[in-house]
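Survey of secondary and tertiary structure
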Amino acid sequence: MAEDWKSTLHVDDFDRVCSRLQSSKTQVSSGMLSLRSPLIACCPFQGLTTSLAKKRLLLNGKNKFTLPERPESKMRKFFRNCFYGFGILLLISLIFCFILYHLKLQTPNEENDPEYCIIGVLLSIIFLMSGLFRYLHDNDDYGVVLAFRDLMPMYCTVTRDGRKQIIRSEDVVLGDILLITYGERIAADVRFFISRDLEVNNVALTGYSVPVIISPDLTNRDKWVARNVGFACSHVTKGYGEGLVIACGNDSEVGIMARLSMEPRPRSRPRRHIKEVTYYTIIVSILMFFILLCTISVEGLTFQMLIEFNVSLTISLAPLYLPTLMFFGLWQTKRTLLESGCYVRNMEAASTLGLTTVICSSLIGSLTVRSWTVSELFVDGELNNAEHLRLADLNERVLELIRVSVLCNRANLTPGQRGVPRMLKTLDGTDYEKALLKFGMRVFPSILQLRRQYEILASKAYDTVTHMQVSVHQTVDANGDKKYYLFVRGFWNVVLGHSSTCYVNNELVELDDIHRDTIVDTVIRLKKIGRHTSAFGSKVLSPDDQMLSLIANGFANKEKRSFDKFMKLYCNSLCFLGLISIFNPPILNVRKAVDRCRSACIKLVLLTRADLSFARAIAKTVGVIGQDSETIEDVAARLNILESEVKRSMITAATINMQNWQKKLHHQRWDTQQLLMAHVDLVFADIAVEQRYMIVDVCQQLGAVVTVIGSSVHDTSAIRRANVGVAECASSHASQSSADIILLEDNFVTLVNAIEESRLLFENMKKALAYALSSNMAVIMVHLSFIILLIPFRLFLIILLLLDIFVNALPALSLFYERPEVDLMNLKPKVFDDHLINRRLIFVAYLQVGIIEASAVLISYFVYMAYNGFLPRHLIGLGVDWYDDSVNDLVDSYGQEWTRAARKQLEYEISSVVFITLVIMQCINLILTKTGHENLLKHGFANVRLNIAVVYMVCLGFLFTVLNNPDYLRTSPVHYTPVFWHIFPLIVLNIFLETARRYIFRRFPGSWLEEELFYGYL
């Protein structure tokens, strides 16, 4: 690649880097980069020229992230959501309602009837409320933009033309020299060449507050390991430094994260369902157009009647309650997840989460606890389990090792914990140091007294480059003489390199090759089981003037030469004390949660920046690599063959070191696809930001629904790319701003429980829709009977709205509290058949239950009309004359004449009869919809809210038998008992068919009938 040279600017020869970037300097060579070089002080860098900086700024652009300038206005976003789905049909309907009201007002001798005005107002409210509900559960993506925008400082200090200048950070260019001091944030990625006691903190990027000591001569190909690199947006917590800008804007480490985080997100599950509803709307619109043509051809109908007929049919075809049901289901699930430890930022994620087929998780935090624990001690030639050590049995060698681990340790008790039990007190320090101090508190009664006894004279914090921590202590023996001790902690190979003796069986012996091999074998064994191991050494120092002068400054960072000289002269011939290993125990029940994911057909992929062996060990500990899975290393060890001889078919799990993937990104994508399809269990270690994003994208291209768990800015792009992004509680602001869900307890078990709740939401959502849609068929049949047979049968608009709100929507909400029929985590999600309103649901709601309810409505209509003198054969073709206001002598089947006023009164009674009939049928349907597969009696009636809804519907039916409000509600009191006995056989038929359908599902699982008629189980 043409830009590959930019990726090595932090490790290349400094003179060559300056030459490439054309940053002027005066006689400064790579040998002058040491901290105390006098030439650095007398020959400062000149920096870029102003003209070159301007040209570079025009060529490469400003030093800022590519972020959206401004968010979509809330008002525009709200109205955009109003027109989703059935919004346009609702708007057209309410406009026609107001037109009808206006026409009535303009008609002479017409009484002022407010029906259409009321309907128009109600539809307007429903139109706005539907948009509001969709607006509320829509995701606010601008939070992550603000999080990245706030990271960059506004101003910085550079050297140009040999002079210091304060400029805006966005004007920094490649090759500039940044002058950085305590309290500032770094404006770009820099390579430091001067460091005066400089420390930076990458908490804004990683989410963990760990100071990093800058040493210009400590380089590494991995920028995050090197100590000569400072990252954009990092905080300077101490000292002063100067650095050469090696990456700006989108090319910086944070810029790459920001750029990837701004990529378009995949559509959420509710949005896909809303899109399906939009297609349904188009079909309904086409159908309405043809129905309009048919009604125009009917002679004798007024324009007002035509409009009212089509508006009422539109309302009946459009499920007005759908936005309410979706919002309530998401809100209820969000509230349930909050109680279980999940804060849902994006309500739509509460539904999408249940469709997850791949979980990409980080290593520390969600799968393991953040509290490290001492697990093993290798001392005196033996490996001991820390849990089995008893204080009374500890020998001098074990006590000395634990004493050194406490003294060569910068962890401390957090102030302000008076009264807190000793072992429950919180500690300050790194994870490893806190684990050692906590273990030491079990052995020594007073840590403060021990540290006062061994007064610290000089200390060098643990350096991740040299892998050592050094401290010098002074104590007074029984004779009052001062003794000086050197204690060292570090990597086992580093401490071994400085040691010459060790203790075996409580005897001091020379550290020969046999003992060294024993130590190495022990370390390898501990590393394979996921232990972080450090070695400890000690030495009694002979005080002399030179030693005392070297430790007089306490090994301060600015006195690096003194520390290097001390190490060279005195840090040799150490006594190797032993090893202490710590581990990060898995979260309680995490293996059970992982097994539940496997039973739910969810693939687990581990993405971590940890090294390969540690990641593999932890993956086996938590169950990501199953007990029956074998990596290439496991197969080679079992068969005692070389790894190159292992066949691919023998491997079921793979652990990949992504640092070794130096190939181009599209080749990496191809290899990742092959790994995802070939292996059940996968672990990607030493992973970079772009690789993390690439793996998530590849999973989605293979058809997976991906949930990503992360905590740092490194994870932000993957979290944003995922279908559901999950951030841990103790994570960076940017990752939390980009996440859909935040784990309040950093517990993978909580996420698995959340997936189950999300699946239950989808199941209950389909039950609620199946219930609510069932009454639509009855309303459609009423309209068809008028069009085809010209029967004088219509439903007033207000009755339709009352049905939608009080009979369909409100009782349907109780179904969201229904418990699952089976263990939903034993089912495979139907990713490619993920339709909220599918053909099976439509068949049951419209053609089975819907036909029965429609038949009940027609029977109740014909029965009541017959009781009033109109036999069924007489009603056919009577529609035009019935609604003609000029006809006041309409003759019924028995020769009685009916005026227009009498016919209107009968229409109001018919409205009450139809409403009560649908209330009864829907009440039965509500009870039957509790289950889709299980026996209703076995499932039980524990849903109190649904029981209340049944009582409510019974009361509603009785209310409409006596309700007399023809002016507004279009109802009149009726004697319903005779009608009820005529529809009772249909109630029995509905119960029988639904019970039989469920019995066949249970008796013949997997049959074609179940495939065609069962709309549940994901």
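How each quantity is defined
What you see as residue numbers is a count from 1 along each chain, following the sequence as written. Local features in this predicted model are restricted to residues whose pLDDT is 70 or higher, and side-chain atom pairs enter the listing and the counts only when it is 80 or higher, whereas totals over whole chains, interfaces and linings include all residues. As a convention, hydrogens and water are excluded, and side-chain values are obtained from all of the structure's heavy atoms. To form a nonpolar core, buried Ala, Val, Leu, Ile, Met, Phe, Trp, Tyr and Cys residues must be joined to one another through side-chain atoms within 4.5 Å. A simple rule labels every residue: compare its accessible area, found with a 1.4 Å probe on the protein chains alone, to the largest value its type can have, and call it buried under 20%, exposed over 50%, or partly exposed in between. A run of H or I in DSSP counts as a helix once it spans at least four residues, and a run of E counts as a strand once it spans at least two, with each numbered from the N terminus. We call two residues contacting when some pair of their heavy atoms lies within 4.5 Å. Here a strand pair is declared whenever DSSP counts at least two bridges between the two strands. Each axis is a line fitted through C-alpha atoms, taken for helices only over the stretch in contact, and angles between the N-to-C directions span 0 to 180 degrees. In this scheme, a helix's expected span is set at 1.5 Å multiplied by one less than its residue total. Comment on the angle field: the value is read as roughly parallel under 35 degrees, roughly antiparallel over 145, roughly perpendicular from 65 to 115, and oblique elsewhere. Take the far helix as the reference: if the near one is turned anticlockwise from it by less than a right angle, the crossing is left-handed, and if turned clockwise, right-handed. When a carboxyl oxygen of Asp or Glu is within 4 Å of a side-chain nitrogen of Lys or Arg, the pair counts as a salt bridge. Gly counts as polar in this scheme, as do all residues outside two lists: the nonpolar Ala, Val, Leu, Ile, Met, Phe, Trp, Tyr, Cys and Pro, and the charged Asp, Glu, Lys and Arg. Two aromatic rings, drawn from Phe, Tyr or Trp (for Trp, its six-membered ring), form a pair once their centres lie within 6.5 Å of each other, and the interplanar angle then sorts them: stacked below 30 degrees, edge-to-face above 60, tilted otherwise. Comment: the charge-over-ring label is applied if NZ (Lys) or CZ (Arg) is within 6 Å of the ring centre and within 35 degrees of the ring normal.

Moving on to the nonpolar core. Among the nonpolar cores identified, the biggest contains 196 residues, and Leu123, Leu325, Val374, Leu377, Phe748, Phe793 and Phe915 are the most heavily contacted of them. With 15 residues, the single largest contributor to this core is helix H28 (residues 748–773). In contact with valine 374, not counting residues within four places along its chain, are Ala386, Ala435, Leu436, Phe439, Ile580, Ser581 and Ile582. Residues Val470, Val488, Val523 and Cys571 belong to the second largest nonpolar core, which totals 29 residues.

Okay, the sheet that holds strand S8 (residues 342–344) next. Backbone hydrogen bonds hold the strands of a sheet together, and the pairing may be parallel or antiparallel. With mixed pairing, eight strands are arranged side by side in an open sheet as S8-S26-S25-S24-S9-S21-S23-S22. Only two strands of the sheet have a single partner each, and these edge strands are S8 and strand S22 (653–657). Between one strand and the next, the sheet's axes are offset by a mean angle of 20°, whatever the strand orientation. Across three bridges, strand S25 (residues 724–728) lies against strand S26 (residues 741–743) in parallel orientation. If you follow alanine 727 over to S26, its bridge partner there is isoleucine 742. The strands touched by helix H24 (residues 665–678) within the sheet are strand S21 (603–607), S22 and strand S23 (681–685), with S23 carrying the most contacts at an inclination of about 145°.

So, on to helix H34 (residues 900–928). Taking 1.5 Å of rise per residue, the 29 residues of H34 would be expected to cover 42 Å, and the 42 Å separating its terminal C-alpha atoms lies within 8% of that figure. Counting buried positions along H34 gives 23 out of 29 residues, so the element sits mostly inside the fold.

Here we come to the packing of helix H9 (residues 253–261) against helix H25 (residues 689–701). Between H9 and H25, whose axes approach to 10 Å, the crossing angle comes to 20°. When the interaxial angle is binned, H9 and H25 end up roughly parallel. Once H9 is placed against H25, the crossing between them reads as right-handed. Listed contacts from H25 to Ile256, Met257, Arg259 and Leu260 of H9 are Val689, Glu690 and Tyr693.

Here we come to the pattern of salt bridges. Taken as a whole and judged by the stated rule, the model has 31 salt bridges. Between arginine 970 and glutamate 115 there is a salt bridge, and its shortest N-O distance comes to 2.8 Å. Taken together, the residues span a long stretch of sequence, with arginine 970 in the loop between helix H36 (944–962) and helix H37 (977–1003) and glutamate 115 in helix H6 (residues 115–136) at a distance of 855 residues. Owing to a relative accessible area of 3%, arginine 970 belongs among the buried residues under this scheme. Residues glutamate 396 and arginine 403 are paired through a salt bridge, measuring 3.9 Å at the closest nitrogen-oxygen approach.

Moving on, we come to the pairing of strand S20 (residues 574–583). For S20, the tally of buried residues reaches 10 of 10 residues, placing the bulk of the element in the interior. Sheet topology note: the strand S17 (residues 499–504)/S20 ladder contains three bridges and is parallel. The partner of threonine 501 across the bridge, within S20, is cysteine 575. By the bridge criterion, seven bridges tie strand S19 (residues 532–541) to S20 in an arrangement that is antiparallel. Directly across from phenylalanine 536, in S20, lies its bridge partner glycine 578.

Here the focus is the packing of helix H11 (residues 303–317) against helix H29 (residues 776–789). Here H11 crosses H29 at 155°, and the two axes come no closer than 9 Å. Judged on the interaxial angle alone, H29 and H11 are roughly antiparallel. At the point where H11 passes H29, the crossing takes the left-handed sense. Contacts between H11 and H29 involve Phe309, Ser312, Leu313, Ser316 and Leu317 from the former and Asn776, Val779, Ile780, His783, Phe786 and Ile787 from the latter. Among the residues making up the contact of H11 with H29, the classes are represented as seven nonpolar, four polar and no charged.

Attention now moves to the pairing of S23. As a general feature of sheets, a regular strand has side chains that alternate between the two faces. Buried residues dominate S23, accounting for five of its five residues. Here S23 shows a buried face lined by Asp681, Val683 and Ala685 and a second buried face lined by Leu682 and Phe684. As paired elements, S21 and S23 share three bridges and run parallel to each other. Paired with leucine 607 across the strands is phenylalanine 684, a residue of S23.

A word on the packing of aromatic side chains. What the rule picks out here adds up to 22 aromatic pairs. Seen in terms of ring centroids, phenylalanine 78 and tyrosine 135 are 6.4 Å apart; in terms of plane orientation they differ by 80°. Their pairing is edge-to-face. You can see phenylalanine 78 sitting in helix H4 (residues 74–82) and its partner tyrosine 135 sitting in helix H6, a full 57 residues away along the chain. Tyrosine 135 matches phenylalanine 78 in its accessibility class, with the two residues each being buried. Aromatic rings pair up to connect Phe328, Trp331, Phe816 and Tyr817 into one cluster. The aromatic ring of phenylalanine 762 is capped on one face by arginine 269, whose charged end is 3.7 Å from the ring centroid. The ring of phenylalanine 563 carries the charged tip of lysine 460 above its face, separated from the ring centre by 5.3 Å.

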